[in-house]
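Topology and contacts: notes
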Amino acid sequence: MATHPTAPPADEVVVVCIPTTPDREKSLAECVELLARNAGHPHVVATCRNDREGFVAPMHRILSTLRPDTLIWSLGDDMRVTEPGTLARLVREFHARFPDRDGVVNPNDGIQNGRVTTLPLCTARVMADNTPREFFHNFADDVMTERLSRAGKYAYLPDVRVVHAHWTAGLAPMDETYRVAQARFDQDRAAYERMRAQGRV
């Protein structure tokens, strides 16, 4: 049986990475408050306030400040952690399924239902290596999901639920942050199609 003598303790602190924008102060505060109440696991929050630069660039700025082996959870400011022990369950599943820390676990966000990894918990290295800088906001999660699924390193956890308070679900109004991301959808899709044609997905 394989052993992992350098495995981190069960109380390893997770860095919760949240890119956010000026019009999301209230949403961010609610996100962080519910996370503190229901995480059930040691964590610190790292935000990147930006002027609507999408998801990818702000996330890479956060990741650049962390050690590659840091355990991170990518959380949108429109996510609501409503079930007690959510982060604790994710961390347990991560260590059980990926003792070499080379995979990702993803909870149920109620919208994508595991089709793409919208809320990945993984190391900073895995996140950085599988979040291509070609994207503004959309389709980066498609690339991560396809790459890791093909390698057998993606685990969807349907029983671990997080509320994605997104405008398409009728849980939030359309705001400027959503509008900017939506306006770049076709550009991001073209980048995704180029990557597929180049065999990089």
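Numbers given for residues are sequential positions, taken from 1 along each chain in its written order. With pLDDT at 70 or above as the cut-off, local features in this predicted model cover only qualifying residues; side-chain atom pairs require 80 or more to be listed or tallied, and sums for whole chains, interfaces and linings still use all residues. Only hydrogens and water are set aside; all other atoms, that is, all heavy atoms of the structure, feed into the side-chain values.

1. Thoughts on the overall build of the protein
- On a plain count of helices and strands, the protein comes out with seven helices and eight strands.
- All radius of gyration figures rest on C-alpha atoms, and the globule criterion is 2.2 Å times the number of residues raised to 0.38. A compact globule built from 201 residues would reach a C-alpha radius of gyration of about 17 Å, and the protein, at 16 Å, matches this within 12%.
- Taken along its principal axes, the extent of the C-alpha atoms in the protein is 50 × 45 × 30 Å.
- Only protein chains enter the area calculation, which uses a 1.4 Å probe; residues under 20% of their type maximum are buried, those over 50% are exposed, and those in between are partly exposed. Going through the 201 residues of the protein one by one, you find that 49% of them count as buried.
- The contact definition used throughout considers only heavy atoms, calling two residues in contact when any of these lie within 4.5 Å. The long-range share in the protein, meaning contacts at least 24 apart out of those at least 6 apart in sequence, stands at 76%.
- In the structure as shown, the protein presents an accessible area of about 9800 Å², 51% of it carried by carbon and sulfur atoms.
- His is not counted, nor are the chain ends; Lys and Arg add positive charge and Asp and Glu add negative charge. The atom standing in for a charge is NZ when the residue is Lys, CZ when it is Arg, CG when it is Asp and CD when it is Glu. Averaging the coordinates of the 25 positive side-chain charges in the protein and doing the same for the 27 negative ones gives two points 2 Å apart. Secondary structure elements follow DSSP: runs of H or I of four or more residues count as helices, runs of E of two or more count as strands, with numbering from the N terminus. All accessibility values rest on the Shrake-Rupley procedure with a 1.4 Å probe; residue burial counts only the protein chains present in the view.

2. Quick look at the pattern of salt bridges
- Just to be clear on terms, a salt bridge is a Lys or Arg side-chain nitrogen sitting within 4 Å of an Asp or Glu carboxyl oxygen. For the structure on display, the rule yields 19 salt bridges.
- For R101, the salt bridge is made with E12, and the minimal N-O distance between the two is 2.8 Å. Highlighted residues: R101 in the loop between helix 3 (86–97) and strand 5 (104–108) and E12 in the segment before strand 1 (14–20), separated in sequence by 89 residues. Grouping residues by exposure puts R101 and E12 together as buried.

3. Considering the environment of R200
- Tracing the sequence through the fold places R200 in the segment after helix 7 (185–197).
- A relative accessible area of 34% places R200 in the partly exposed class.
- Here the alpha-carbon distance between R200 and D69, two residues 131 residues apart in the chain, equals 24 Å.
- Contacts of R200, omitting those with residues within four sequence positions, involve E134, R147 and M195.
- What qualifies as a polar contact is a pair of N or O atoms within 3.5 Å, subject to a donor-acceptor requirement within protein and to the restriction that residues adjacent in sequence count only when both atoms come from side chains. A distance of 3.0 Å separates polar atoms of two side chains, one belonging to R200 and the other to Q198.

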